[in-house]
Amino acid sequence: LPLKSVGLTNSPTVIVMVGLPARGKTYISKKLTRYLNWIGVPTKVFNVGEYRREAVKHYSSYDFFRPDNEEGMNVRKQCALAALRDVKLYLSEEGGQIAVFDATNTTRERRGMVLNFAKENGFKVFFIESVCNDPSVVATNVMEVKLSSPDYRDCNSTDAMEDFMKRINCYQASYQPLDPDNYDRDVSLIKVIDVGRRFLVNRVQDHIQSRIVYYLMNIHVQPRTIYLCRHGESEFNLKGKIGGDSGLSNRGKKFASALNKFVEEQNLKDLKIWTSQLKRTIQTAEALKLPYEQWKALNEIDAGVCEEMTYEEIKEKHPEEFALRDQDKYYYRYPSGESYQDLVQRLEPVIMELERQENVLVICHQAVMRCLLAYFLDKSAAEMPYLKCPLHTVLKLTPVAYGCRVESICLNVEAVNTHRDQSEEAKKGPNPLMRRNSVTPLASPEPTKKPRINSFDEHVASSSAALPPLLGKACL
Amino acid sequence: MPMELTQSRIQKIWLPNDNHPALPRRSCGPQLTNSPTVIVMVGLPARGKTYISKKLTRYLNWIGVPTKVFNVGEYRREAVKHYSSYDFFRPDNEEGMNVRKQCALAALRDVKLYLSEEGGQIAVFDATNTTRERRGMVLNFAKENGFKVFFIESVCNDPSVVATNVMEVKLSSPDYRDCNSTDAMEDFMKRINCYQASYQPLDPDNYDRDVSLIKVIDVGRRFLVNRVQDHIQSRIVYYLMNIHVQPRTIYLCRHGESEFNLKGKIGGDSGLSNRGKKFASALNKFVEEQNLKDLKIWTSQLKRTIQTAEALKLPYEQWKALNEIDAGVCEEMTYEEIKEKHPEEFALRDQDKYYYRYPSGESYQDLVQRLEPVIMELERQENVLVICHQAVMRCLLAYFLDKSAAEMPYLKCPLHTVLKLTPVAYGCRVESICLNVEAVNTHRDQSEVTCEAKKGPNPLMRRNSVTPLASPEPTKKPRINSFDEHVASSSAALPVCMPQEVPTQLPGQPLLGKACL
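Just so it is clear, the structure is predicted and the values come from calculations on it, not from any experiment.

## Some points on the overall build of chain B
The secondary structure content of chain B amounts to 15 helices and 15 strands. Out of the 517 residues in chain B, the part that is buried amounts to 59%. Long-range pairs, those at least 24 residues apart, make up 72% of the contacts in chain B with a sequence separation of at least 6. Carbon and sulfur atoms form 49% of the exposed surface of chain B, whose accessible area is close to 21500 Å².

Below is the structure:
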């Protein structure tokens, strides 16, 4: 997404999830939100179930969800309204660009209410419906994320499963799926059918909706593992020089051997191996005696005029640049070089292809690895340049529930430490170099604290969510 | 384990010294697809099948996937020299039906040749394919040959859209060269009618549930996508969802003449010269005169394009992706200095300007990869003015005008000249408007020496996914005398670079014959 010279902001968008329980709405909401924040579009999930848990402290049984339970219906409606009020705040006043309204939204009435809300506030609407009638998929979802829900903390698995199935049943009778052929023909939507086997897309309005559709069509839920590591220690690493295109040191070659052994021990059916086009990652891959693909997009951050210098040399020859980088490492662009922000843009196709793939080992570089890791672990722009990615250590990422489990495996080959923390001085002030940039990864914000539903006429209490340092004005 | 690597001289790709013939390696980006793919168009006449076929093919070739259209209608015109009337297409016309079937088979034979022996990666089988029977035949053909199949169906029942299509591209068809418009229109409508009764649309809910397809409904208002198998199908779907048919104009130009241009220096980040500033004013006037309702303006993040845009007094967006090609160690040098300091690099670039990567810099091939999101967004947009740089402009122009990798680095994009591109029929009309402000000439033709030396294909053909090819000329249609004869070989110019099958040899040897990607 380009940098705008004039602060034109498109209308904010409300993404409205639709579907029966256990169809992956929250999974999609969280994953999509993580992706959008990583590419710099401030996005937040508003999960109505969480509002309900705040309002109704103890969940007793599926009876709460029965359509003839008037009190339950009323509470649920008030929760939806409270969530929408927070959506409005987020998009109008807190710099949000996209709000994901995560609820079943299974009736036309409810969706009509949301459409009116959006219209009143000048928000665009994009529906994402998940349709799945495969009982094994539903059962898997329930086991993966529902049995461990706070709703069932005092239940055993069997009872929880039984109750949840009855809960789903409560929605069935009134479920009106999106109908793009007729009733919903003028509405922007994507129907995801059978976990991505088929898609129906209607009236994509703009660039971001097009990107969302592309993303949803590339993700999958097959179990798989992603391994991230850096090249083995290089000659330049030993000299403290950054950038360049040097080969492996002796210890780096040892690491490559150790990596070879590690990969064999992982005993994977199929493993894709990706490297950059710099010598040090390719030499590392060569030791694996397996096919690999070279990506220029995985090359290390371009340090421009500072290429092949040590940090001491940079401090001496470009003292001002040296200080500036410390102040704002994410946005800072080396003269004639790149910034972390540029890296994110460059790496987006890599992330998209990683989503399509199954088992992949990515042999890359420190800054690049930090960027990729920030995507998988939902880290903000502020955190990204300081993530720890030491040489000779493999990070093993496995999807689990709504997120990613990460295991750090040190292959026990000595190497220099290339990590530099933020200096104490730099930690003090705010970032003076805030720029109108479209690529500013934000960690997905903590859910808005749910207000007590005492009175819905009261102004909803302000969010206690930690505001990312760059919020306030939209930094897009 | 020495892990000795050598960097290829032109593309600067590191490869192992010792041969591992068994180990395939790819040097750039993901493997887009394993098996070759047949894209099968489906739809009544005048639904945009050929439009989509050609546009998609142009895009795929530009991103380096060798693709070709096989239009059965052209085979039919070759077989039946004179088209008389819609009677030919009547379902009860047994002879006509037979000829049409033979044409389809002939086209499929050429598809097979293209994908199996000529280095093609994707073949677009452009015909109505409106019956399950016909599609079943194509599926069997693909299965026998180990090709993947992806259906693209265009469904549209809006009579005004159909009428517009007929007027735009059918009335001028060779079929109607001896007809007036009214008669032609009438005949064509009857022709469409011949297909209606037997039309069985794709049915992803049931009959076609296991088939990979996209249904494009009402010119992109709605899409149904089923079972996308791989990366390239995913990219095709994304592309189809971003293109539109609204009339609009794209303007391409370079920044005004810069201080470095005056000195003959390449790259860098200098500002406009006085003449460059004059150009910016002239551009401002030009834009006003174009009198457009809405115009987006895009620049790079280099000073010279931004200064140019500033003169327009309109909002603009800066794209880093539009920055000029990175000349690496040669940045800010003149060509004389390069020749002196890096004589070998200087010569190499002339040999193979498309693939050549400056040391620590970029190649045209890298540029294409970098510019792909720009192209995608240009497809989404309407009126846009792109103020960029010489190499970047050549890349973008090559996409719009379907130019090959060999031609791209030599396209003429002089300073102070605006290229105005308007979509028309199946392609793009280009108008060159010189704004009459003097500037240096930065164009360098291919050297004479290189032209001679360049007999065969590139010696350093690499396994790269990004090798724009101009969409090949249609395969010469065989005379349908005997369909048992082996179909005559294609007269289409072979693409400069072959598809991304895994080579068993390493570069250093001319790689044509064996796929080099």
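Let us keep going from here.
## Some points on the UniProt feature "active site" (unreviewed entry) in chain A
Residue and element names in this part refer to chain A. Mapped onto this structure's residue numbering, the UniProt feature "active site" (unreviewed entry) falls at His231 and Glu300. Taking the farthest pair of C-alpha atoms as the criterion, the annotated set spanning 70 residues converges on one region, since that pair is 10.7 Å apart. By the element assignment, His231 lies in the loop between strand E8 (226-230) and helix H8 (235-239). Discounting residues that sit within four places of it in the chain, His231 has contacts with Asn237, Phe255, Arg280, Thr281, Thr284, Ile363, Cys364, His365 and Leu391. Engagement of the side chain of His231 in a polar contact is seen with the side chain of Arg280, the distance being 3.4 Å. Position of Glu300 among the secondary structure elements: in the loop between strand E10 (292-294) and helix H11 (311-317).

## As for the pairing of strand E9 (residues 272-275) of chain A
Residue and element names in this part refer to chain A. One ladder, built from 4 bridges, connects E9 with strand E11 (residues 360-364); its direction is parallel. When the bridges of E11 are listed, Ile273 appears paired with Leu361. With 2 bridges joining them, E9 and E10 adopt parallel strand pairing. Each bridged residue has a counterpart across the sheet, and for Trp274 the counterpart in E10 is Glu293. In this view, the connection linking E9 to its parallel neighbour E10 by way of helix H10 (residues 279-286) has right-handed handedness.

## Things to note about the pairing of strand E2 (residues 13-18) of chain A
Residue and element names in this part refer to chain A. The buried fraction of E2 is high, at 6 of 6 residues. Burial along E2 is two-sided: the residues Thr13, Ile15 and Met17 and Val14, Val16 and Val18 are all buried. Alignment of E2 against strand E4 (residues 98-102), held across 4 bridges, turns out to be parallel. Among the inter-strand pairings, Val16 is bridged to a residue of E4, identified as Phe101. Across 6 bridges, E2 lies against strand E5 (residues 124-131) in parallel orientation. Bridge pairing links Thr13 to Lys124 in E5.

## Focus on the confidence of the model for chain A
Mean pLDDT for chain A: 89, with 88% of residues reaching 70 or above. Here residues 3-8 of chain A is modelled with pLDDT under 50, and outside its nearest four sequence neighbours on either side it reaches 14 contacts, counting other chains as well.

## Regarding the packing of aromatic side chains
Residue and element names in this part refer to chain A. Tallied over the full model, the rule gives 29 aromatic pairs over all chains. Each ring, one from Tyr152 and one from Phe164, has its centre 6.3 Å from the other, and the planes form 70°; the classification is edge-to-face. Within this pair, whereas Tyr152 is found in the loop between helix H5 (135-146) and helix H6 (157-172), its partner Phe164 is found in helix H6, the two being separated by 12 residues in sequence. Classification of Phe164 as buried rests on a relative accessible area of 1%.

## Section: the confidence of the model for chain B
Residue and element names in this part refer to chain B. The predicted model of chain B averages 87 in pLDDT, with 83% of residues at 70 or higher. Of the regions scoring below 50 in pLDDT, residues 453-467 engages in 70 contacts with residues more than four places distant in sequence or in other chains. Low pLDDT, under 50, characterises residues 476-517; the stretch is placed with 106 contacts to residues that sit more than four places away or in other chains. Two numbers describe this predicted complex: its pTM, 0.89, and its ipTM, 0.89.

## Digging into the pattern of salt bridges
Under the criterion given, the structure shown has 42 salt bridges over all chains. Taking the shortest distance from any N to any O, the salt bridge between Glu233 of chain A and Arg251 of chain A comes out at 2.7 Å. You can see Glu233 of chain A sitting in the loop between E8 and H8 and its partner Arg251 of chain A sitting in helix H9 (residues 250-266), a full 18 residues away along the chain. Judged by its relative accessible area of 0%, Glu233 of chain A is buried. Lys148 of chain B is paired through a salt bridge with Asp230 of chain B; the nearest N and O atoms lie 2.7 Å apart. With Lys148 of chain B in strand E7 (residues 148-155) and Asp230 of chain B in the loop between strand E9 (222-226) and helix H7 (231-242), the pair connects residues that are 82 residues apart, well separated along the chain. The network of salt bridges with shared partners includes Arg52, Arg53, Asp151 and Arg167 of chain A.

How each quantity is defined
- Residues numbered from 1 in each chain as written.
- Chains lettered and ligands numbered in written order.
- Predicted model: local features only at pLDDT ≥ 70, side-chain atom pairs only at ≥ 80, totals over all residues.
- Heavy atoms only, no water.
- Helix = DSSP H or I, 4+ residues; strand = E, 2+ residues; numbered from the N terminus.
- Buried < 20%, exposed > 50% of the residue type's maximum accessible area, 1.4 Å probe, protein only.
- Contact = heavy atoms within 4.5 Å.
- Areas by Shrake-Rupley, 256 points an atom, 1.4 Å probe, with all protein chains shown as cover.
- UniProt positions renumbered as here; feature names shortened; annotations may be inferred.
- Polar contact = N/O pair within 3.5 Å; in protein donor to acceptor, adjacent residues only side chain to side chain.
- Pairing = 2+ DSSP bridges.
- Right-handed = clockwise from strand over helix to strand, strands pointing away.
- pLDDT = per-residue confidence, 0-100.
- Phe/Tyr/Trp six-rings, centres within 6.5 Å; stacked < 30°, edge-to-face > 60°.
- Salt bridge = Lys/Arg side-chain N within 4 Å of Asp/Glu carboxyl O.

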